[in-house]
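Each chain, letter by letter, is given below.
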Amino acid sequence: MSGSRQLLMDEHAVERVVARMARELVERNQGVERLSLLGIHRRGVQLSDLVAQEIERTEGRRPPQGTLDITLYRDDLMAIGPRPVVGETRLPAGGVDGRAMVIIDDVLYTGRTVRAALDELADFGRPSRIYLCVLVDRGGRELPIQPDVVGLVVDAGEDERVDVLVPDLDGRLGVELVERTAPHGGGGPGPGAGGPPAGGAGPSGGGEAGPGLATGKEA
Amino acid sequence: MPTSAPYLGKDLVGLEHLTREQILAVLDTAEPFKEISERQIKKVPVLRGKTIVNLFFEPSTRTRISFEFAEKRLSADTVNVAASGSSVVKGETLVDTARNLEAMRIDMVVIRHGSSGAARFLAERIPSNVINAGDGRHEHPTQGLLDMLTIRDRLGRIEGLRVCLVGDVLHSRVARSNIWGLTKLGAEVAVCGPPTLMPREIEALGVRVFKRVEEAIEWAEVLNVLRLQLERMQAGYVPSLREYNRVYGVSRERVEAVPRDLLILHPGPMNRGVEIDSDVADGPHSVILNQVTNGVAVRMAVLYLLAGGAPETAEVAKHGE
């Protein structure tokens, strides 16, 4: 199971970072005009709520929100554990054509989730542009994909996992770096890499030991 | 919330040997698949590269098309083999047909066959996933599943509901799959039909039997009206279609005689004016076309779950981004 856990961001830190991310998004888009948020199932959906709230607070308008489940677009479906539960895909009001879509996810790692999300989005229509907004970029990309807006950059290794905790699923808000002990990680019946005791049952990312913890910086 | 759905086994032969959890997993998995058929581009790549053979030894329009849509919307490659015009008419056995298909490297077979047990027979002899699309009088599991999904959509639950199957229970694989599935999910199930079309000792399956359709309608919250095969009349099971309609037909008068709302299902194809009257089939309580829509989603869910493979063969990834 999971080894030691290190707190990277507490609730207040996440709130501050989300506020900055929301500000950056609006700035890059030059306003909230035509902006739509698309949270990737499951923790991206929670983050998209936080970003939307923040945009509403500062701009007085809440952008349309949707959810995207990319399970059926994965290129590693048979490798992530059999029969992953498929979540809900719901497009934001106003659809995707001609919109500036913001893909929001908790952790950016190999880039394969984002690749799947881009493919799925392309099947829905033609956005005028797509932004990628992630709370944590943990490095380890396997595809040429980079985020537009990032909360925190962490240089995590392959034996580590970055867990983003959200109130609805985990009871609290925060980001943790979890060290994985050696024998686990390759097999085991529970896809989702076993539920951490803190309730962070969320598969977020993985990485090796020796967290080269970087400072939060912008993409 | 679990991140992985339970394993259904290699094949889907019937609902008799599934657990409540497995049945619920199919119904829950079908929910997100409904939305795919509402998209402009009705296709997701999840079964890309999988080859599926639809092996139909009996005529079927709805079930075959429904499977084919489900397969195509998941991006599988499909081949349809109908009994007429195939080597079956030249005397080839079922196993030989299947082995030849296997030799062409297929991944799944959807089979409809006139003999009870044909699906299991095939499943035990080939490594591909086998899905029963109706075998003789035995089972038609995807029909049972789509019936349950449709009931749950409308009434919000299955548990504790009173569901009555009306008509030719004796020859009906739909009835058997409904009885197994519904009782596992905690519904109260009854059957009603002519004594000549009622299996002996049907009560052993845990259902009650109504002799008169009026009593059944009085009791039930959901009626699943079974098709009366027209050949039954020639075979002497019923004196005439008109007589059958007069005694067992689900008519507006009978439905309106009870003050409650009834949910009306029919697996199709309907014999209007025989087992069901047009007023009822097209009436406000009919969910017959919802069944057809749900059929595609349920079949997508079954294909997806079977393609996922066994827990021990799939490697669990080190990370889930």
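Remember, it's a predicted structure, so these values are computed and weren't measured experimentally.

A. View of the overall build of chain B. Of regular secondary structure, chain B possesses 12 helices and 9 strands. For chain B, the C-alpha radius of gyration of 20 Å lies close to 20 Å, the compact-globule estimate for 321 residues. With respect to the three principal axes, the spread of C-alpha positions in chain B is 60 × 50 × 40 Å. In chain B, which comprises 321 residues, the share counted as buried stands at 57%. Looking at chain B alone, contacts between residues at least 24 apart form 74% of all its contacts between residues at least 6 apart. Just so you have it, chain B exposes about 13600 Å², and 51% of that area is on carbon and sulfur atoms. One way to put it: in chain B the 40 positive side-chain charges average out to a point 3 Å from where the 41 negative ones average out.

B. Summary view of empty space enclosed by the protein. Residue and element names in this part refer to chain B. Within this structure, the stated rule accounts for 4 cavities of 30 Å³ or more. In this model, the second largest cavity occupies a volume close to 90 Å³. In terms of lining, the second largest cavity is formed by Arg-62, Thr-63, Ser-66, Gln-143, Leu-146, His-266, Pro-267, Ile-288, Gln-291, Val-292, Gly-295 and Arg-299. At the level of elements, helix H2 (62-73), helix H5 (141-155) and helix H12 (288-307) are the ones that each hand at least two residues to the lining of the second largest cavity. Ranked by residue count, the leading element in the lining of the second largest cavity is H12, at 5 residues.

C. Broad picture of helix H3 (residues 94-103) of chain B. All names here are of chain B. Within the sequence span of H3, burial applies to Leu-94, Val-95, Thr-97, Ala-98, Leu-101 and Glu-102. The buried residues of H3 occupy an angular sector of 160 degrees when projected down its axis, which confines them to one face. Of the surrounding elements, those touching the buried residues of H3 are strand E1 (51-56), strand E3 (108-113) and helix H4 (118-123). Of the residues flanking the end of H3, it is Arg-105, one or two places downstream, whose phi is positive at about 65 degrees.

D. Just the sheet that holds strand E3 (residues 65-68) of chain A, in detail. All names here are of chain A. The strand order across the open sheet built from 5 strands is E3-E2-E4-E5-E6, with neighbouring strands paired in parallel fashion. This sheet does not close on itself; its edge strands, each paired only once, are E3 and strand E6 (149-153). Neighbour-to-neighbour, the strand axes of the sheet open up by a mean angle of 25 degrees, direction not taken into account. In the sheet, strand E5 (residues 129-137) pairs with E6 via 4 bridges, with the strands oriented parallel. Considered in E6, the bridge of Val-136 is made with Leu-152. On the sheet, helix H2 (residues 43-59) packs against strand E2 (35-40), E3, strand E4 (100-108) and E5 and is oriented at approximately 150 degrees with respect to E2. Against the sheet, helix H3 (residues 112-124) touches E2, E3, E4 and E5, its axis set at about 155 degrees to E4.

E. Expanded view of the pairing of E2 of chain A. Residues and elements named next belong to chain A. Within E2, 6 of the 6 residues are buried, leaving the element largely enclosed by the surrounding structure. Note that E2 and E4 share 5 bridges and pair parallel. If you follow Leu-37 over to E4, its bridge partner there is Val-102. Here 4 bridges tie E2 to E3, and the two strands are oriented parallel to one another. Bridging from a neighbouring strand, Ile-40 pairs with Leu-68 of E3. What joins E2 to E3 is H2, and the crossover it makes is right-handed.

F. Structural view of the nonpolar core. Membership of the largest hydrophobic core comes to 82 residues, with the highest contact counts inside it found for Leu-72 of chain A together with Phe-33, Leu-145 and Met-148 of chain B. With 11 residues, the single largest contributor to this core is H12 of chain B. When sequence neighbours within four positions are dropped, the list of residues in contact with Leu-145 of chain B reads Leu-12, Leu-15, Ile-23, Val-26, Leu-27, Val-298 and Val-302 of chain B. Counting 35 residues, the second largest nonpolar core, distinct from the first, contains Val-18, Val-51, Val-149 and Leu-173 of chain A.

Reading the values: the criteria
Residues numbered from 1 in each chain as written. Chains lettered and ligands numbered in written order. Predicted model: local features only at pLDDT ≥ 70, side-chain atom pairs only at ≥ 80, totals over all residues. Heavy atoms only, no water. Helix = DSSP H or I, 4+ residues; strand = E, 2+ residues; numbered from the N terminus. Rg over C-alpha atoms; globule rule 2.2 N^0.38 Å. Buried < 20%, exposed > 50% of the residue type's maximum accessible area, 1.4 Å probe, protein only. Contact = heavy atoms within 4.5 Å. Areas by Shrake-Rupley, 256 points an atom, 1.4 Å probe, with all protein chains shown as cover. Lys, Arg positive; Asp, Glu negative; His and termini not counted. Charge placed at Lys NZ, Arg CZ, Asp CG, Glu CD. 1 Å grid on protein atoms, 1.4 Å probe; cavity = no way out; pocket = protein on both sides within 12 Å on 5 of 7 lines; lining within 4 Å. Points joined across faces, edges and corners; volume = space filled by probe spheres on them. Arc of directions from axis to C-beta. Pairing = 2+ DSSP bridges. Axes fitted to C-alpha atoms, helices over the stretch in contact; angles between N-to-C directions. Right-handed = clockwise from strand over helix to strand, strands pointing away. Core = buried A, V, L, I, M, F, W, Y, C linked by side-chain atoms within 4.5 Å.

Honestly, it's all geometry; don't read function into it.
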